[in-house]
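Chain by chain, the residues:
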Amino acid sequence: MTNFVKELQWRGMLHDAMPGTEEHLLEDMQSAYVGIDPTADSLHIGHLVGVMMLRHFQLAGHKPYALIGGATGMIGDPSGKSAERNLLDEKTLRHNQEALKEQLSRFLDFSGDEENAAVLVNNYDWMKNFSFLEFIRDVGKHITVNYMMSKDSVKKRLSAESKEGMSFTEFTYQLVQGYDFLHLYKEHNCSLQMGGSDQWGNITTGTELIRRIAGGKGYALTCPLITKADGTKFGKTEGGNVWLDAERTSPYKFYQYWLNTSDEDADKYIKIFTFLGQQEIEELIEQHKEAPHLRLLQKKLADEITVMVHSQDDLDNAVRASQILFGKSTASDLKGLNEKTFLDIFEGVPQAELSKSELADGLDMIGALAAKTNFLGSNGEARRELKQNSISVNKEKVKEDFLITEDDLINNKFVLLQRGKKNYFVLVFND
């Protein structure tokens, strides 16, 4: 057994723990769970802190449970929210559950060989046949309304500042989550629930049910809510969430998100989102302070987490793609990109659509730069730039006599024009 609580402490991943939690975990192998919202068929990086906690828990010799909130996903958790969630049907929940398990298996070992193998459970499985009358008789009578009203998540929604108020459905959420903890305690000897600091009230309702109904002892442990130094929301971009699913967020964009973190955030994130050891991280931080312009911390963070979530090949492709904009690259590098990555790299770059028939006899550079595209203001300007050797096609310098043909197409569709170092233009050729 290694000390799980101490591991979280040095990584900055411990916000609060119920007294006795550390000692309890050092007694023997224990079981703990983290609840995961199943409202999408992919995790996003906001989920990763809880997943990393489960992985550290398993590495410390304990047994992790990942609880898919199928039943609670049908209700909506009021913690930190200002409005109710959309409710899901069972078919959607099951699809999401399978997709989430596949992603979780990149972090947790679900193989049945080890005593502390991870287990995936869905609270819909034990809540779906629970009648309302049974629930209020067997569970609800053990928790007073006064106790439920004292929770910060409830107070916030009932405060004068809250315009939406709080539905009865949401009010009962803490009872349903509390019952999950009781169920896992009784059925799987699960004695610890972990989550974000905003979950403390819900988790302690579970420990209260374990005490009152089962006469047992449950423990609570929370991690800080992840923030960014500049005050913007962690895990969000202009396009929305940063997802683990490559179809939703490409490995290139995923890599770029971490690469673009601030020095202050990278110092914090490398402890939370990698499994690098304390000494290695401390050495990296010192090296970074000596030469911050090299962005060693950001590069190591982006490398580690991209390989963990995607693959080494995806990382290699993301690095190559990054160098296309910021380093030396060739036409063959461009042609090695898939269409999604190409469009991600040149997102926001001006485009012109042309017919592939333009390439039959070769598209001349004046046409490509001005006459047919308006990349440059006039044919005269195009000629001047070509004479000054400042025009590139697919990263390679060209003269006025160059003709663009189908051989120059990237993904059988695109040609990249460039004036100087930073002015890009994409030609899109359609059939």
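If you're wondering where the values come from, they're calculated on a predicted model, not measured in any experiment.

1. Thoughts on the overall build of the chain
Next, step 1: When you go through the chain residue by residue, the secondary structure sums to 20 helices and 15 strands.
Next, step 2: In terms of overall dimensions, the chain has C-alpha extents of about 85 × 45 × 45 Å along its principal axes.
Next, step 3: Of the roughly 20,500 Å² that the chain leaves accessible, carbon and sulfur atoms contribute 47%.
Next, step 4: In the chain, the 49 positive side-chain charges and the 64 negative ones have mean positions that sit 4 Å from each other.

2. What to know about the layout of surface pockets
Once rolled over the atoms, a probe with the size of a water molecule shows which space is left empty.
Next, step 1: In this structure, the second largest pocket occupies an estimated 710 Å³ of space.
Next, step 2: Lining the second largest pocket are 27 residues; nearest its centre among them are Thr237, Lys253, Gln256, Tyr257 and Asn260.
Next, step 3: Elements represented by at least two residues in the lining of the second largest pocket include exactly β7 (236-237), β8 (240-241), α12 (251-259), α16 (312-326) and α18 (339-345).
Next, step 4: Per element, the largest residue contribution to the lining of the second largest pocket is 4 residues, and it comes from α12.

3. Topic: the nonpolar core
Soluble globular proteins: nonpolar side chains tend toward being buried together.
Next, step 1: Ranked by internal contacts, the top residues of the largest apolar core, which has 58 residues, are Ile45, Phe107, Met194, Trp258 and Phe273.
Next, step 2: In terms of residues, this core owes the most to one element, helix α3 (residues 48-59), which gives 7 residues.
Next, step 3: Apart from residues lying up to four places away in sequence, Phe107 is in contact with Leu48, Val51, Met52, Arg55, Leu244, Met308 and Val309.
Next, step 4: By size, the runner-up hydrophobic cluster in this structure holds 28 residues, among which are Phe135, Val176, Phe181 and Cys190.

4. Quick word on the pattern of salt bridges
Side chains bearing opposite charge may pair, as long as their charged atoms lie close to each other.
Next, step 1: Here the structure, examined in full by the defined rule, presents 19 salt bridges.
Next, step 2: A salt bridge links Arg248 to Asp41, with the nearest nitrogen and oxygen atoms 2.8 Å apart. With a gap of 207 residues between them, Arg248 in the loop between β8 and α12 and Asp41 in the loop between β2 (31-36) and α3 connect regions that are remote in the sequence.
Next, step 3: Judged by its relative accessible area of 23%, Asp41 is partly exposed.
Next, step 4: For the salt bridge of Arg419 with Glu385, the shortest nitrogen-to-oxygen distance reads 3.9 Å.

5. A short note on the environment of Leu133
Next, step 1: When you line up the elements, Leu133 lands in helix α6 (residues 132-138).
Next, step 2: What makes Leu133 exposed here is its relative accessible area of 63%.
Next, step 3: In the structure, Leu133 is positioned 129 residues away from Ser262 in sequence and 53 Å away in space, judged by C-alpha atoms.

6. With respect to a negative patch on the surface
Next, step 1: There is a patch of like negative charges on the surface, built from Glu23, Glu27, Asp28 and Glu115.
Next, step 2: Tracing the backbone shows Glu115 in the loop between α4 (90-104) and β4 (119-122).
Next, step 3: Glu115 sits in the exposed class, given a relative accessible area of 65%.

7. Things to note about the sheet that holds β2
Next, step 1: With respect to topology, 6 strands assemble into an open sheet ordered β1-β6-β5-β2-β3-β4, the strand pairing being mixed. At either margin of the open sheet sits one strand with a lone partner, and together these are β1 (16-17) and β4.
Next, step 2: Seen against the sheet, α4 touches β2, β3 (63-68) and β4 and runs at an angle of roughly 160° to β4.

8. Description of the packing of helix α13 (residues 263-272) against helix α15 (residues 296-309)
Next, step 1: Direction vectors running N to C along α13 and α15 enclose 45°, while the axes themselves pass 9 Å from each other. With respect to each other, α13 and α15 are oriented oblique. Note that α13 runs across α15; the crossing there is left-handed. Here α13 contributes Asp263, Ala266, Asp267, Tyr269 and Ile270 to the contact with α15, which in turn contributes Leu297, Gln298, Lys300 and Leu301.

9. Quick look at the UniProt feature "binding site: L-tyrosine" (unreviewed entry) in the chain
Next, step 1: UniProt tags Tyr33, Tyr173 and Gln177 as "binding site: L-tyrosine" (unreviewed entry).
Next, step 2: Structurally, the position occupied by Tyr33 is in strand β2.
Next, step 3: Apart from residues lying up to four places away in sequence, Tyr33 is in contact with Leu54, Tyr65, Leu67, Gln177, Asp180, Phe181, Leu184, Cys190, Leu192, Gln193 and Met194.

10. What to know about the environment of Asn389
Next, step 1: Take Asn389: it is sitting in the loop between α20 (379-387) and β11 (391-393).
Next, step 2: Sequence separation between Asn389 and Arg419 is 30 residues; the distance between their C-alpha atoms is 9.1 Å.
Next, step 3: Ignoring any residue separated from it by four or fewer positions in sequence, one finds Asn389 in contact with Lys397, Val398 and Lys399.

11. Topic: the packing of aromatic side chains
For any pair of aromatic rings, the description consists of the separation of the ring centres together with the inter-plane angle of the planes.
Next, step 1: In this structure the tally under the stated criterion is 18 aromatic pairs.
Next, step 2: Between Phe130 and Tyr179, the aromatic rings sit 5.2 Å apart at their centres with planes inclined by 65°, giving edge-to-face as the arrangement. Of this pair, Phe130 sits in the loop between α5 (124-127) and α6 while Tyr179 sits in helix α10 (residues 173-188); the two residues are 49 residues apart in sequence, bridging distant segments of the chain.
Next, step 3: Residue Phe130 is classed as partly exposed on the basis of its relative accessible area of 21%.
Next, step 4: Taking relative accessible area as the criterion, Tyr179 reaches 13% and is therefore assigned buried.
Next, step 5: Centre to centre, the rings of Tyr257 and Trp258 are 5.4 Å apart; their planes meet at 85°, and the pair counts as edge-to-face.

12. Overview of a nonpolar patch on the surface
Next, step 1: Among the surface-exposed residues, Phe132, Leu133, Ile136 and Phe168 lie close enough to one another that they form a single nonpolar patch of about 460 Å² accessible area.
Next, step 2: In terms of residue count, α6 provides more of the nonpolar patch than any other element does, 3 residues in total.
Next, step 3: As for its placement among the helices and strands, Phe132 is situated in helix α6.
Next, step 4: Among the residues examined, Phe132 registers a relative accessible area of 52% and is labelled exposed.

13. Here's the deal with the UniProt feature "domain: Tyrosine--tRNA ligase SYY-like C-terminal" (unreviewed entry) in the chain
Next, step 1: Those places that UniProt annotates as "domain: Tyrosine--tRNA ligase SYY-like C-terminal" (unreviewed entry) correspond, in this numbering, to residues 344-426.
Next, step 2: Measuring from the first to the last C-alpha atom of residues 344-426 gives 12 Å, for a span that is 22% helix and 29% strand.

Thresholds applied
- Residues numbered from 1 in each chain as written.
- Predicted model: local features only at pLDDT ≥ 70, side-chain atom pairs only at ≥ 80, totals over all residues.
- Heavy atoms only, no water.
- Helix = DSSP H or I, 4+ residues; strand = E, 2+ residues; numbered from the N terminus.
- Areas by Shrake-Rupley, 256 points an atom, 1.4 Å probe, with all protein chains shown as cover.
- Lys, Arg positive; Asp, Glu negative; His and termini not counted.
- Charge placed at Lys NZ, Arg CZ, Asp CG, Glu CD.
- 1 Å grid on protein atoms, 1.4 Å probe; cavity = no way out; pocket = protein on both sides within 12 Å on 5 of 7 lines; lining within 4 Å.
- Points joined across faces, edges and corners; volume = space filled by probe spheres on them.
- Core = buried A, V, L, I, M, F, W, Y, C linked by side-chain atoms within 4.5 Å.
- Buried < 20%, exposed > 50% of the residue type's maximum accessible area, 1.4 Å probe, protein only.
- Contact = heavy atoms within 4.5 Å.
- Salt bridge = Lys/Arg side-chain N within 4 Å of Asp/Glu carboxyl O.
- Patch = residues over 30% accessible without salt bridge, like charges linked within 9 Å, V, L, I, M, F, W, Y side chains within 5 Å.
- Pairing = 2+ DSSP bridges.
- Axes fitted to C-alpha atoms, helices over the stretch in contact; angles between N-to-C directions.
- Parallel < 35°, antiparallel > 145°, perpendicular 65-115°, else oblique.
- Left-handed = near helix turned anticlockwise from the far one by under 90°.
- UniProt positions renumbered as here; feature names shortened; annotations may be inferred.
- Phe/Tyr/Trp six-rings, centres within 6.5 Å; stacked < 30°, edge-to-face > 60°.

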